Amino acid sequence: MTDLNVKQEYLRLTYSDHHKASADEKVKKLLCIPLTQYLIFTVILGIFPLLAQMGVLTSSFVFAIGNTMIYAIMAIGFCLLMGYSGLASLGTAGFVGIGAYIAYYLMQIYGAPFGIAFIVTVMVSLLSGVLVGFISLRIEGIYLAILTLGLSEILRNTFISLKSTIKLDMSKVRLFGVKIGEEQVYLLILALFVLLLWITSNLIRSPIGRALLSVKNSTSAAQAMGINLMKYRVLAFVISTVYAAIAGLMYMMLLRNMTTSTSTLLSLATSLNILGAVVIGGAKSLWGTTFGVFIIYGLQSTLLSKVPFFVENPAFITMMTGLLIILIVMFFPGGVAQMAGNLVQKRKNGTINAQVQRRVDSYGRK
Amino acid sequence: MFAAFLSTVCGSLLSICVTALSAFSVTIIFRTSTTANFAQGSVAAFGCYVVATYLNQWGIPVYLGVLPGMIAGVLIGLFIDLVVFRKGRHVGELGKQIITMGFVSLFYGGIPLLFGNPEFIPFEPFYNTTKASVDSNVVLNAFGGEIVLTKHALISAAITAVVLAALFLLLKYSKWGLGVRTTASSEFTAELVGINTHVITAISWALACALGVLAAVMYAGGGAMINTSFMGTIQVNAFLACILGGFSTFYGPIVGAVLIPVLSNCVGFLANFPAFSDISRWQMVIVYILLLVIILIKPQGLFGKKVVKKV
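Owing to the predicted nature of the structure, the values given are computational and were not obtained by experimental measurement.

### So, the overall build of chain A
Here comes step 1: A tally of helices and strands in chain A yields 16 helices and 4 strands.
Here comes step 2: When the 366 residues of chain A are sorted by exposure, 42% land in the buried category.
Here comes step 3: Within chain A, contacts between residues separated by at least 24 positions form 79% of all contacts whose residues are at least 6 apart in sequence.

### What to know about the overall build of chain B
Here comes step 1: The helix and strand tally for chain B stands at 12 helices and 2 strands.
Here comes step 2: Ordering the α and β elements of chain B from the N terminus gives α-α-α-α-α-β-β-α-α-α-α-α-α-α.
Here comes step 3: A globule of 311 residues ought to have a C-alpha radius of gyration of about 19 Å, and chain B, at 20 Å, matches this closely.
Here comes step 4: Expressed as lengths along the three principal axes of its C-alpha atoms, the size of chain B is roughly 60 × 50 × 35 Å.
Here comes step 5: Relative to its full complement of 311 residues, chain B shows a buried share of 47%.
Here comes step 6: At a minimum sequence separation of 6, the contacts of chain B that also span at least 24 residues come to 74%.

### Some points on the interface of chain A and chain B
Here comes step 1: Counting from both sides, the interface comprises 39 residues of chain A and, opposite them, 40 residues of chain B.
Here comes step 2: Residue assignment for the side of chain A that touches chain B shows that the elements contributing at least two residues are helix 6 (114–138), helix 7 (141–162), helix 10 (219–224), helix 12 (268–281) and helix 15 (315–331) of chain A.

### As for the confidence of the model for chain B
Here comes step 1: Mean pLDDT over chain B: 84, with 95% of residues reaching 70 or higher.
Here comes step 2: Among the scores for the predicted complex, ipTM is 0.82 and pTM is 0.82.

### Description of the packing of helix 2 (residues 13–33) of chain B against helix 6 (residues 151–173) of chain B
Any two packed helices are characterised by how steeply their axes cross, that is the angle between the axes, and by the distance between the axes.
All names here are of chain B.
Here comes step 1: At a minimum axis separation of 9 Å, helix 2 and helix 6 run at an interaxial angle of 25 degrees. In terms of orientation, helix 2 and helix 6 fall into the roughly parallel class. For the pair helix 2 and helix 6, the crossing hand works out as left-handed. Mapping the contact onto sequence places L13, L14, C17, A20, L21 and F24 in helix 2 and A153, S156, A157, T160, L164 and L167 in helix 6.

### A look at the nonpolar core
Here comes step 1: In this structure, A:I73, A:A75, A:V96, A:A103, A:L249 and B:C48 are the most contacted members of the largest nonpolar core, which totals 192 residues.
Here comes step 2: A total of 18 residues in this core trace back to one element, the largest contributor, which is helix 11 (residues 229–255) of chain A.
Here comes step 3: With residues near it in sequence (within four places) discarded, A:V96 still touches A:M74, A:A244, A:A245, A:A247, A:G248, A:Y251, A:L265, A:L266 and A:T270.

### With respect to the environment of B:L82
Here comes step 1: Tracing the sequence through the fold places B:L82 in helix 4 (residues 62–87).
Here comes step 2: Taking the C-alpha atoms as reference points, B:L82 and B:V293, separated by 211 residues in sequence, lie 38 Å from one another.

### Re the packing of helix 4 (residues 59–84) of chain A against helix 11 of chain A
Residue and element names in this part refer to chain A.
Here comes step 1: The N-to-C vectors of helix 4 and helix 11 enclose an angle of 170 degrees; their axes lie 7 Å apart at closest approach. Taken as axis vectors, helix 4 and helix 11 run roughly antiparallel relative to one another. Between helix 4 and helix 11, the residues in contact are G66, N67, I70, I73, M74, I76, G77, F78, L80 and L81 and A236, F237, I239, S240, Y243, A244, I246, A247, M250, Y251 and L254, respectively.
Here comes step 2: A per-class count over the contact of helix 4 with helix 11 returns 17 nonpolar, 4 polar and no charged.

### Description of helix 5 (residues 92–109) of chain A
Here comes step 1: In this model helix 5 of chain A runs 25 Å from its N-terminal to its C-terminal C-alpha over 18 residues, within 8% of the 26 Å that 1.5 Å per residue would give.
Here comes step 2: Count one or two residues on from helix 5 of chain A and you reach A:G111, which has phi positive near 65 degrees.

### Remarks on helix 12 (residues 283–297) of chain B
Because an α-helix completes one turn every 3.6 residues, residues spaced three or four positions apart along the sequence face the same direction.
Here comes step 1: Its 15 residues place the ends of helix 12 of chain B 22 Å apart at the C-alpha level, agreeing with the 21 Å of an ideal helix rising 1.5 Å per residue.
Here comes step 2: Considered for burial, the residues of helix 12 of chain B that qualify are B:Q283, B:M284, B:V285, B:V287, B:Y288, B:L291 and B:I295.

### As for the confidence of the model for chain A
The predicted structure's coordinates, where accompanied by low pLDDT, should not be read in detail.
Here comes step 1: Of the residues in chain A, 89% reach a pLDDT of 70 or more, and the chain-wide mean stands at 82.
Here comes step 2: When mean pLDDT is taken per element in chain A, helix 11 of chain A scores highest with 90 and helix 1 (residues 2–15) of chain A scores lowest with 63.

### Section: unusual backbone geometry
Here comes step 1: Positive phi, close to 70 degrees, is recorded for A:R256, a residue that is not glycine.
Here comes step 2: For A:R256, the location among the structural elements is in the loop between helix 11 and strand 4 (257–259).
Here comes step 3: Residue A:R256 is classed as partly exposed on the basis of its 18 C-beta neighbours within 10 Å.
Here comes step 4: Even without a glycine there, the phi angle at B:T34 is positive, about 45 degrees.
Here comes step 5: By the secondary structure assignment, B:T34 is in the loop between helix 2 and helix 3 (40–58).
Here comes step 6: Classification of B:T34 by C-beta neighbours within 10 Å gives partly exposed; the count is 18.

Calculation notes
- Residues numbered from 1 in each chain as written.
- Chains lettered and ligands numbered in written order.
- Predicted model: local features only at pLDDT ≥ 70, side-chain atom pairs only at ≥ 80, totals over all residues.
- Helix = DSSP H or I, 4+ residues; strand = E, 2+ residues; numbered from the N terminus.
- Buried ≥ 20, exposed ≤ 12 C-beta atoms within 10 Å, placed from the backbone.
- Contact = placed C-beta atoms within 7 Å.
- Rg over C-alpha atoms; globule rule 2.2 N^0.38 Å.
- pLDDT = per-residue confidence, 0-100.
- Axes fitted to C-alpha atoms, helices over the stretch in contact; angles between N-to-C directions.
- Parallel < 35°, antiparallel > 145°, perpendicular 65-115°, else oblique.
- Left-handed = near helix turned anticlockwise from the far one by under 90°.
- Core = buried A, V, L, I, M, F, W, Y, C linked by C-beta atoms within 7 Å.
- Nonpolar A, V, L, I, M, F, W, Y, C, P; charged D, E, K, R; others polar.
- Expected span 1.5 Å × (residues − 1).

Okay, structure coming up:
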């Protein structure tokens, strides 16, 4: 009898919230909608250049945040590829190069406006994504990872042979016919980043995202359910390639020059770091991935560069990143997102347990 | 012309040795632990730094100095397998790969911390010809021309041949080799029939890292600049060699490792013809595209077996 009562109480406690929504809960619910989160995120990051003008933040801080967002664009594409389709790729760096070189050739040499360069970047990376997607149909798992690594080397060597140092003068860049400066580039990166974040989060919740997930868990079972393997694999690769190329384009806009043979941007290190960021953050969480990118790329230039110890030993940060990746994979395979989720869940369970316990206690007294 | 061609092909002898050793290391780890070791090159670079430090401080010859480096490699290999892989709670196949990638970052950061930041540590070849004041090249007269080989490459080739032959004999005839082959075909079944797979994988890791250091020392002795990522290209080539030869046999990757440098130098040789004079810029691109095409035609590798998947 008591057991039944406790169970009813438990159900009431857990499910009764839905009927009476106070203003406080309405705000909470609004905050749960991804679009609201992204808008808040945009506003916070959008204030940074203003704060820098007012002298609260240094301009190098804003630059570092912009740089981190570029890597975050690559990472969310990669998150979709690895976390949702289970395809391990080490070719991110090569595709970034596509964007960077298109930026150089179109905007610097031919003086094309940004819009044209953007469209061409998307088109070219779309085609290369389709190509890799078809390759991924024949080759799987570790073979695919190494093959994409080879592909990335092909692209890198091609770029080095084409032009070893590329430069972009800001005076040549035009957005809708207007010259743009550093702050506008930052805002452009922010806008693109949030837009892509929003598109990706919607994509994940859509039938496409579900289909990708089912392909990841079992190709054969997914095919038996009537899911077209070719369509979704190619789509996943196209998305991640396009994102990487857009990141490359924005990298050239922000940093404006690159020596391909010595730059780490097009080397294996970038692909590995992006992978590391996705793993640290949690392969299935976009916010987690963004956080992971911040740990790997942002932390160093924004916060740690103020600490004297890390200024003297910059190698220590790389080492810490490696250690963090190893420890997280060893003990928290779901990444930071899983850790946070566990904590929230524990707290929720804790309150419910406490409430149920109180009820049980009160029954006892009766 | 044929002699010039042979000379070009022989010029890839050292890269063949280095790639073959690295490819064997990658294969043995892949077969026993079902993971690709992306830290192969970084561990090798670390060992190479250890060797270089001993050479600089104590002035010992390189064939003795390579031993502490290989011991360092063994220790790192054992650490990765015994401590990291076994103690991790949920380490799956992908997790293992990502852990090795974590080690790459660890070494990229750790090497400059431990050894300072010298871009180039002077490194002597196995047979120091300047100290012995003899010619560093061996010239053969054949096919109406000269075929030039460096003594370092010849010694490296001999060492590689001996090491690989010994390993293949061990794999074929020793109890350890039988254990490795059984673990490679199925770790679970191997455990069922009473093979201590933990020991097998630990030995494989130790062996692979030690061979990696040996390869790095050979490569550095050939005149390569030592830095944290100097084994990067070799590692990429070793991986491609494994894919080209197929992971399912032990000799396939070695064949792949011979093919890639030879192919690369053959493409480079085309530059001798006036029509292709500009080809050396595109050498690696052409080689990688050729490899890509071969792999696409035979996804399981040249000697691979087709894996049948069950639902």
